[in-house]
Amino acid sequence: MNLLEVNNVVKQYSGQLALDGVSLTVPKGTVYGLLGPNGAGKTTLIRIINCITAPDSGEILLSGKKLSPKDVRNIGYLPEERGLYKKMKVGEQAMYLAQLKGMTKHDATKALKYWFEKFEIQSWWNKKVEELSKGMAQKVQFITTILHDPDLLIFDEPFSGFDPVNADMLKKEILALRDKGTTIIFSTHNMESVEELCENISLVNKAHIVLQGNVAEIRASHSTRTLLVRSAAPVTSDSCEIISQNKVNGVFETSLRKIKEMSNNDFLTELMKQTEIHSFEELLPTMNDIFISTVKNTENINSRL
Amino acid sequence: MTKIGIIIRREYSSRVMKKSFLLLTFLTPLLFVAMIMIPLWLSSIEDDTIKNIIVIDKTGIYHDALKSNETCTFLFSDAPLDNYKRTENKKSDMTAVLYITADLSKQPDAVKIYSEKQVNVELKSYISGLLEDYIQKQNLNAYNIPNLKEVVEKSKTKLDVKTIKWDAEGKEKEASAELALIIGMISAFLIYIFIMSYGSQVMSGVLQEKTSRIVEVIISSVKPFELMMGKIIGIALVGLTQFFLWIALTLIISAGVSSFMGGSFNPEALQTAQQINMPGMQTNVPQTETQAMITDIYTSLNGFDFFKTLVLFIIYFLGGYLLYASLFAAIGSAVDNETDTQQFSMPLTIPILFAIYAAIYSAQNPDGPLAFWCSLIPFTSPIVMMVRLPFDVPAWEIALSVFILILSFIGTTWMAGKIYRTGILMYGKKVSWKELWKWLTYK
C-alpha cells in the first residue's frame, strides 16, 4: 500500500520551472530516497508535501486521500536549514514546537520525557539553545520532528552536523521508526547512507525525475558486468576481458568484465574448472556512480537540446 | 488552544519576561513622577533658618520700612561697612549687610546687599519689595491727596482669562487650550514611539526567525500568516501591557509620593479647596503660586473628556500599530540581514516622521487643511488625530478616519501576508521593490 502518491506535480516560480510533471509513490513503512543535485527541485517538492507551498497543478495523495493542510499533524519535517530560538530554553522550545504540531501539553511532556531519557539529554532541559553545540541542537531538532509520532517523516540531510557515533545512533533510530511502520522520505547527498537505508529512490534533476525505482534493481540495471574473483591461481576466459590482476598475500585478485552474454553461474562453472575459487562477486556500481553518471547524462542531453 | 494562540503566548511571554522590558516598564513611571515631583518638592522646602541682616542706613529714613519678621531679622548699625568685611568682626549668624547710601526715591541704585554667600532670590525680592512699597507710599503721600493709596489700590486689576467651550447643547465647559494641547501632544508622541519601537521589534523578530532558520521548522506546522499575525498580536499585547503598567504605576507612585509629602498634591483636596475658594473669596484665602497652578490644571482637566481620549488613543494606537507592524513584518521577511532592513524600512519611517511634524503644525492650526487631511490619511492619522482630539473634532471626521484606518490595516496585513509567505523562505537573494511586487502576485 502506498502512503504517499505524488501525481504529475508542476510548480513554477516567476517563469522558472521548479518541478515539471513530477510523480512518485512511496510505499508504506519504507525509507524513500529523494536525491538530486542542489537546486534540482527537491526542497520545492518537500515544501509542497508539507503544504508550505501549493503546486500549480497535479495532486498529492496521503493514504489515498487528497492532501489537506490538516494533514501536517501526521507529517514530521526536519528541514535542511534548521534552527531553533537561540534565547529559548531547550525544554520550553520543544514543548512549543510540539504544541504547534497539535499535541496536548500532557502528551508532549510524556513524549519529551521518553525521548530525552532515550538520548540521555535530560540535563539540557533548562539550558538555552545558544549554549548547545551544533550537534546537540540537531539532536533536539530530531526529537521535535518525530515527537508527535507522525505517519510520514521527511528528513532533509539529517546527518549533517553529527559525529559518526551520533550519526550511527540516528540511523538506528530511523530504521527503528521504519520497522514500527513509519514511512520515511529521506533527502540527502550522502549516497552511502542511501544504499544503506533506502528501498526506493527518485533522482531529481532540473525539475524532472531522471531516475526512479528500487535501489537494488537500479544498481543491477546499471551493472557494468564487472566481476571480482579471488582465486589460488590466475584465471582467464574467452568470454571476458581482464581489467586487472594482482597477487595479494598469495591470492590472485582478478577484476574482469564479461563481454559475452552469459549467466554468472555458467561463468563461475567455467572458472572453477581452472583453479580453486576463493570468492566470486559481481561489482555493482555504487549509488554515487549512478548519481553522477545520470546527472551528467541528463545535463548533456539538455545542453544538446 | 489554537495555534495562533500558542504563538501569541510565546511572543508575549518571551518579551514580557525580558529584563529590559521589566526595567523600562518600572523605571519610566519613576522617572516620570520624579521629573514632575522633584522640582515641586524642592520649591516647597522652606528655609527655616532666621536670616540676620545688618542694615547700614546712611539716610536713616528706612528704619520703619524694614520690619523684622519670623524668617528675617533686621539689625540696624552705624558702624562703617568695612567693619563687616573683616573676618574677626563678622558675626557667625550674619547673613548679609544691606547698605543704603542715598534717598532711594531719587537715586534707586543707592542700595546694595553685601554677603559672603550668594543671597537667594527670595530674600532679595523680599527686601526690595519692602523698600519699593515704602517708597511708593512716601511718593503717594507727597501728592497730598487724601485716600490716594486706596484709589491706586482699587485701580490695580489682575486678569484671569478663562477659556470656555460650548458643547453641542450649548453647555459650558471650562477648558484650557494649553493643557489640551499638552495631552494631545503626549498621546501623539506615545503612539509615535510605540509604532516605531514595537514596529521594529516585529521586524527584527521576523528577521531573527528567518536567519536562525527556525521558520522552516515552524511553517511545517502552522501557516505563515498565522505565524506573522501571532507575532504582531503578541507584540501589540506587550505594548498595551507596558502602556497600562505605565499609567497604573505613575498613578500609584504619584499617590504614594503625594501622601508622603503631606497630601499637598492630592487632587481631591485641591478640588474641594477650589470649590470653597470661589472667585471673589479667593483673595481672602492665602494661596501659594504652585497651589494655584495645580488647582488651575485640575479645573481644566474637568473639562477634558478622558474616557473618550483613552478609548480613541487605544483605537489609534492599535490601528496605527497594526498598519505599520504588518509592513515591518513584510520587510523583515524579505531581507537577509540587519543592514538591509534600514534601506527597506525607510519608506515606513518617513511617513511616521512626517506624521509627527504634521502633528506639531496641526496643533497650531487644528482645523486647517493639513490637519484635516493628515488625520484622514491612515499613515499619519493615528498621530495627527491625537493632537486634534482636544479641539473637538467633528464626530464624522473621527468615524471616517477610524474607518479608513481599519480598512487600510486589513489591506496592508493582507499584502504583508503575501510578501511574508514568500520572503521567509527566500535566502541569499537580493530583493528589489520589483521582486516584492512579484511576490504579491504569487498564487
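In this text, all values refer to a predicted model and were calculated from it rather than measured experimentally. (Residues numbered from 1 in each chain as written. Chains lettered and ligands numbered in written order. Predicted model: local features only at pLDDT ≥ 70, side-chain atom pairs only at ≥ 80, totals over all residues.)

Draft legend 1. Representation of the overall build of chain A within the structure. Within chain A, the regular secondary structure consists of nine helices and 14 strands. Projected onto the principal axes, the alpha-carbon positions of chain A cover approximately 70 × 50 × 35 Å. Classification of the 305 residues of chain A by burial places 36% in the buried group. Counting only contacts in chain A whose residues sit at least 6 apart along the sequence, the fraction spanning at least 24 positions is 68%. (Helix = DSSP H or I, 4+ residues; strand = E, 2+ residues; numbered from the N terminus. Buried ≥ 20, exposed ≤ 12 C-beta atoms within 10 Å, placed from the backbone. Contact = placed C-beta atoms within 7 Å.)

Draft legend 2. Just the overall build of chain B, in detail. Across its full length, chain B holds 16 helices and six strands. Residue burial in chain B is summarised as follows: out of 443 residues, 29% are buried. Here the contacts in chain B between residues at least 6 apart in sequence split such that 70% fall between residues at least 24 apart.

Draft legend 3. Inspection of the environment of A:Leu62 at higher detail. All names here are of chain A. Within the secondary structure, Leu-62 is located in strand E4 (residues 57-62). Once the C-alpha coordinates of Leu-62 and Ile-75 are considered, the two residues, 13 residues apart in sequence, prove to be 10.0 Å apart. Not counting residues up to four positions away in its chain, the partners in contact with Leu-62 are Leu-3, Leu-4, Leu-67 and Asp-71.

Draft legend 4. Here's a closer look at the packing of helix H12 (residues 338-364) of chain B against helix H14 (residues 381-388) of chain B. Residues and elements named next belong to chain B. In the contact formed by H12 and H14, the axes pass within 8 Å of each other and the chain directions differ by 20°. With respect to each other, H12 and H14 are oriented roughly parallel. The interaxial crossing formed by H12 with H14 has right-handed handedness. Here Ala-355, Ile-356, Ala-358, Ala-359, Ser-362 and Ala-363 of H12 lie close against H14, whose contacting residues are Ile-383, Val-384, Val-387 and Arg-388. When its residues are assigned to classes, the contact of H12 with H14 shows eight nonpolar, one polar and one charged. (Axes fitted to C-alpha atoms, helices over the stretch in contact; angles between N-to-C directions. Parallel < 35°, antiparallel > 145°, perpendicular 65-115°, else oblique. Left-handed = near helix turned anticlockwise from the far one by under 90°. Nonpolar A, V, L, I, M, F, W, Y, C, P; charged D, E, K, R; others polar.)

Draft legend 5. Spotlight on the domain arrangement of chain A. Looking at the assigned domains, one finds that chain A contains domain 1 (2-219) and domain 2 (224-283). The straight-line distance from the C-alpha centre of domain 1 of chain A to that of domain 2 of chain A is 43 Å. (Domains from an automatic or database assignment.)

Draft legend 6. Here's a closer look at the interface of chain B and chain A. Contacts between the two partners involve 16 residues from chain B and, on the opposite side, 19 residues from chain A. Put simply, the parts of the chain that give the side of chain B that touches chain A at least two residues each are helix H1 (3-16) and helix H7 (214-218) of chain B. Of the residues that constitute the side of chain B that touches chain A, the class distribution is six nonpolar, four polar and six charged.

Draft legend 7. Here's a closer look at the sheet that holds strand E1 (residues 2-13) of chain A. Residues and elements named next belong to chain A. Strands sit in the order E2-E1-E4-E5 across an open sheet of four strands; the sheet is antiparallel. Each edge of the open sheet carries a strand with a single partner, namely strand E2 (16-27) and strand E5 (65-66). The pairing of E1 with E4 spans five bridges and is antiparallel. Paired with Leu-4 across the bridge in E4 is Leu-62. Contacts from helix H1 (residues 42-49) reach E1, E2 and E4 within the one sheet, and its direction differs from that of E2 by about 60°. (Pairing = 2+ DSSP bridges.)

Draft legend 8. Representation of the environment of B:Asp78 in the model. For B:Asp78, the location among the structural elements is in the loop between strand E2 (72-76) and helix H3 (81-85). Counting along the chain gives 359 residues from B:Asp78 to B:Trp437, while the straight-line C-alpha distance between them is 93 Å.

Draft legend 9. Fine view of the sheet that holds E2(B). All names here are of chain B. On the basis of which strands lie adjacent, the open sheet formed by four strands has the order E2-E1-E3-E4 and mixed pairing. The sheet terminates laterally at E2 and strand E4 (111-114), the two strands that pair on one side only. Each strand of the sheet is rotated relative to its neighbour by a mean of 25°, with strand direction disregarded.

Draft legend 10. Representation of the nonpolar core in the model. Ranked by internal contacts, the top residues of the largest apolar core, which has 133 residues, are A:Ile154, B:Tyr321, B:Ala325 and B:Ala329. Broken down by element, the residue count for this core peaks at 16 residues, all from helix H11 (residues 306-334) of chain B. Those residues in contact with B:Ala329 that lie beyond four places of it in its chain are B:Val202, B:Met203, B:Val206, B:Met228, B:Lys231, B:Ile232, B:Ala416 and B:Tyr420. B:Tyr62, B:Leu66, B:Tyr84 and B:Val97 belong to the second-largest nonpolar core, a separate cluster that totals 13 residues. (Core = buried A, V, L, I, M, F, W, Y, C linked by C-beta atoms within 7 Å.)

Draft legend 11. Quick peek at unusual backbone geometry. Residues and elements named next belong to chain A. One non-glycine residue, Lys-206, adopts positive backbone phi at about 50°. The phi dihedral of Ala-207 falls on the positive side, at around 70°, and the residue is not glycine. Among the structural elements, Ala-207 can be located in the loop between strand E9 (200-205) and strand E10 (208-214).

Draft legend 12. Quick peek at the packing of helix H2 (residues 90-100) of chain A against H1(B). Where H2(A) meets H1(B), the closest approach of the two axes is 9 Å, and the angle between their N-to-C directions is 160°. Taken together, H2(A) and H1(B) sit at an angle that is classed as roughly antiparallel. Seen from above, H2(A) lies across H1(B) with left-handed handedness. Residue-level contacts link A:Tyr96, A:Gln99 and A:Leu100 of H2(A) to B:Lys3, B:Ile6 and B:Arg10 of H1(B).

Draft legend 13. Looking closely at the pairing of E9(A). Residues and elements named next belong to chain A. Most of E9 is tucked away, with five of its six residues classed as buried. The pairing of strand E3 (residues 31-35) with E9 spans four bridges and is parallel. Bridge pairing in E9 places Leu-34 opposite Ser-202. Where E9 meets E10, six bridges bridge the pair, whose relative direction is antiparallel. Residue pairing across strands places Leu-203 opposite Leu-211, the latter belonging to E10. As consecutive antiparallel partners, E9 and E10 are separated by two residues, and within that stretch Lys-206 has a phi angle of approximately 50°, a positive value.

Draft legend 14. Region of the structure containing the confidence of the model for chain B. All names here are of chain B. Residues of chain B with pLDDT of at least 70 account for 81%, and the chain-wide mean is 79. When pLDDT is averaged over each element of chain B, H1 comes out on top at 91 and helix H9 (residues 267-276) at the bottom at 44. Overall, residues 263-287 carries pLDDT values under 50, and its contacts beyond four positions in sequence, including any with other chains, amount to 18 contacts. As a predicted assembly, this complex carries a pTM of 0.73 together with an ipTM value of 0.79. (pLDDT = per-residue confidence, 0-100.)

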